[in-house]
Amino acid sequence: MLKKLYEYRYFIWTSVVREFQSRYKKSILGMLWAVFNPLAIIVVYTLIFSQVMRAKVSGIGTDYSYGIYLCSGVFAWNFFSEMLMRLTSVFQDNANLLKKVNFPRICLPVIATCSSMINFLIIFVLFLLFMLAQPITRFSVWPYFLLLFFLQLLFTFSLGIILGVLNVFFQDVAQFMMIILQFWFWLTPIVYPKEIVPDFMHRVFSFNPMYHIIAGYQDIFAYGHAPHNWVGLGMFFLLSLILAAMGLHLYRKHVTEMVDEL
């Protein structure tokens, strides 16, 4: 499979670039919107919540504590939810292409993943630039971000492949996941600190895979220290490997049938 992806690397790259460019093709400012939109989100989160609403999170020594806490979790969650939904519907959305062109079907999830990564990296680079001016910033722990990013990528891609294949045969899957993600978001301490919820919710959080990743981002950027829940991250990695094996098996088993179903 990796060999096939390498052989079709130019097809994947050109598809990602073409999709990115097509978003802003008819706009006057063009690709500048790729910067303006995430920049506006950062300004709203940091200024409105921190300066206007005076929201604060204990343990974070800056006036922008809630905005930074919120950005650390929301940006990671948005990347997760966008990528997962794109992967869930990727085969269904490209039905015409699958029927007309002969290429490795696994290229489509890779293209969707790369496109989501571009969106995430643009907004996160802007967030990191904002963090440069904050007194709580600890550059020594930033490399842990790469580990969390890899774990999140593996988990989301693996789960997305499973859902993408299932959605070909049961098209309610994508609609169902949209509802699930809404509940999942609020069951993850992103807009609220976990300290304010009852103790029994902490046990619920331990069974929430995204909680461990989100908490890791918050540890690094909001609290300025390395992720502390290594047991949870280890379990998250193990779950990701299991989902990867399941997704690979499901894809190989049904890849020839999917075109007939679309």
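The coordinates are above.
Residues numbered from 1 in each chain as written. Predicted model: local features only at pLDDT ≥ 70, side-chain atom pairs only at ≥ 80, totals over all residues. Heavy atoms only, no water.

Draft legend 1. The arrangement of the overall build of the protein chain in detail. Tallying secondary structure elements over the protein chain gives eleven helices and zero strands in all. Sequence-ordered secondary structure for the protein chain, helices as α and strands as β, is α-α-α-α-α-α-α-α-α-α-α. On C-alpha atoms alone, the protein chain measures out to a radius of gyration of 20 Å, which is about the 18 Å that the 2.2 N^0.38 rule sets for 262 residues. Seen along its three principal axes, the alpha-carbon backbone of the protein chain occupies a region of about 55 × 50 × 35 Å. (Helix = DSSP H or I, 4+ residues; strand = E, 2+ residues; numbered from the N terminus. Rg over C-alpha atoms; globule rule 2.2 N^0.38 Å.)

Draft legend 2. Quick peek at the packing of helix α7 (residues 144-169) against helix α8 (residues 172-186). With their axes 8 Å apart at the nearest point, α7 and α8 run at an angle of 145° to one another. Between α7 and α8, the residues in contact are Phe155, Leu159, Leu163, Leu166 and Asn167 and Asp172, Val173, Ala174, Met177 and Trp184, respectively. In the contact of α7 with α8, the residues fall into eight nonpolar, one polar and one charged. (Axes fitted to C-alpha atoms, helices over the stretch in contact; angles between N-to-C directions. Contact = heavy atoms within 4.5 Å. Nonpolar A, V, L, I, M, F, W, Y, C, P; charged D, E, K, R; others polar.)

Draft legend 3. Spatial organisation of α8. Compared with the 21 Å implied by 1.5 Å per residue over 15 residues, the 22 Å span of α8 between its first and last C-alpha is a close match. Within α8 the residues assigned to the buried category are Val173, Ala174, Met177, Leu181, Trp184 and Phe185. In an axial view of α8, the angular spread of the buried residues amounts to 100°, which keeps them on one side of the axis. Turned more than 90 degrees off the buried face of α8, the exposed positions are Asp172, Gln175, Phe176, Gln182, Phe183 and Trp186. Tucked inside the fold, the buried residues of α8 contact α4 (65-93), α7 and α10 (209-221). (Expected span 1.5 Å × (residues − 1). Buried < 20%, exposed > 50% of the residue type's maximum accessible area, 1.4 Å probe, protein only. Arc of directions from axis to C-beta.)

Draft legend 4. Region of interest: the environment of Tyr251. Tracing the sequence through the fold places Tyr251 in helix α11 (residues 230-261). A residue is classified by how much of its surface remains accessible, and Tyr251, at 8% relative accessible area, is buried. A C-alpha to C-alpha distance of 16 Å links Tyr251 and Arg86, two positions 165 residues apart in sequence. In this view, Tyr251 contacts Met1, Phe91, Pro104, Arg105, Ile106, Ile161, Val165 and Met258; residues no more than four positions away in its chain are not counted. A distance of 2.9 Å separates the side chain of Tyr251 from the backbone nitrogen of Ile106, its partner in a polar contact. (Polar contact = N/O pair within 3.5 Å; in protein donor to acceptor, adjacent residues only side chain to side chain.)

Draft legend 5. Structural detail: the nonpolar core. Among the nonpolar cores identified, the biggest contains 73 residues, and Phe75, Trp77, Phe91, Phe127 and Tyr217 are the most heavily contacted of them. Within the residue set of this core, elements represented by two or more residues are α2 (9-23), α3 (33-52), α4, α6 (107-131), α7, α8, α10 and α11. Top contributing element to this core by residue count: α4, with 17 residues. Once you skip the residues sitting within four places of it in the chain, Trp77 turns out to touch Leu181, Trp184, Phe185, Thr188, Ile190, Met210 and Ile214. (Core = buried A, V, L, I, M, F, W, Y, C linked by side-chain atoms within 4.5 Å.)

Draft legend 6. Focus on the layout of surface pockets. Its boundaries defined by the atoms lining it, the largest pocket holds a volume of some 290 Å³. Considering the residues around the largest pocket, the lining is formed by 14 residues, among which Met1, Ile106, Phe157, Ala244 and Leu248 are closest to the centre. In terms of residues, the lining of the largest pocket owes the most to one element, α11, which gives six residues. (1 Å grid on protein atoms, 1.4 Å probe; cavity = no way out; pocket = protein on both sides within 12 Å on 5 of 7 lines; lining within 4 Å. Points joined across faces, edges and corners; volume = space filled by probe spheres on them.)

Draft legend 7. Looking closely at empty space enclosed by the protein. Enumeration according to the criterion identifies one cavity of 30 Å³ or more in this entry. When its volume is computed, the largest cavity comes out at roughly 30 Å³. Around the largest cavity sit His212, Ala215, Gly216, Asp219, Pro227, His228, Asn229 and Leu233, which together line it. Take the lining of the largest cavity: its biggest share by element is four residues, from α10. By residue class, the composition of the lining of the largest cavity is three nonpolar, four polar and one charged.

Draft legend 8. Region of interest: a nonpolar patch on the surface. The grouping of Leu39, Val43, Val44, Leu47 and Ile48 at the surface amounts to a nonpolar patch, some 360 Å² of accessible area in total. Structurally, the position occupied by Val43 is in helix α3. On the basis of relative accessible area, Val43 is assigned to the partly exposed category, the value being 38%. (Patch = residues over 30% accessible without salt bridge, like charges linked within 9 Å, V, L, I, M, F, W, Y side chains within 5 Å. Areas by Shrake-Rupley, 256 points an atom, 1.4 Å probe, with all protein chains shown as cover. Salt bridge = Lys/Arg side-chain N within 4 Å of Asp/Glu carboxyl O.)

From the geometry alone we can't say anything about function, so treat these as descriptive.
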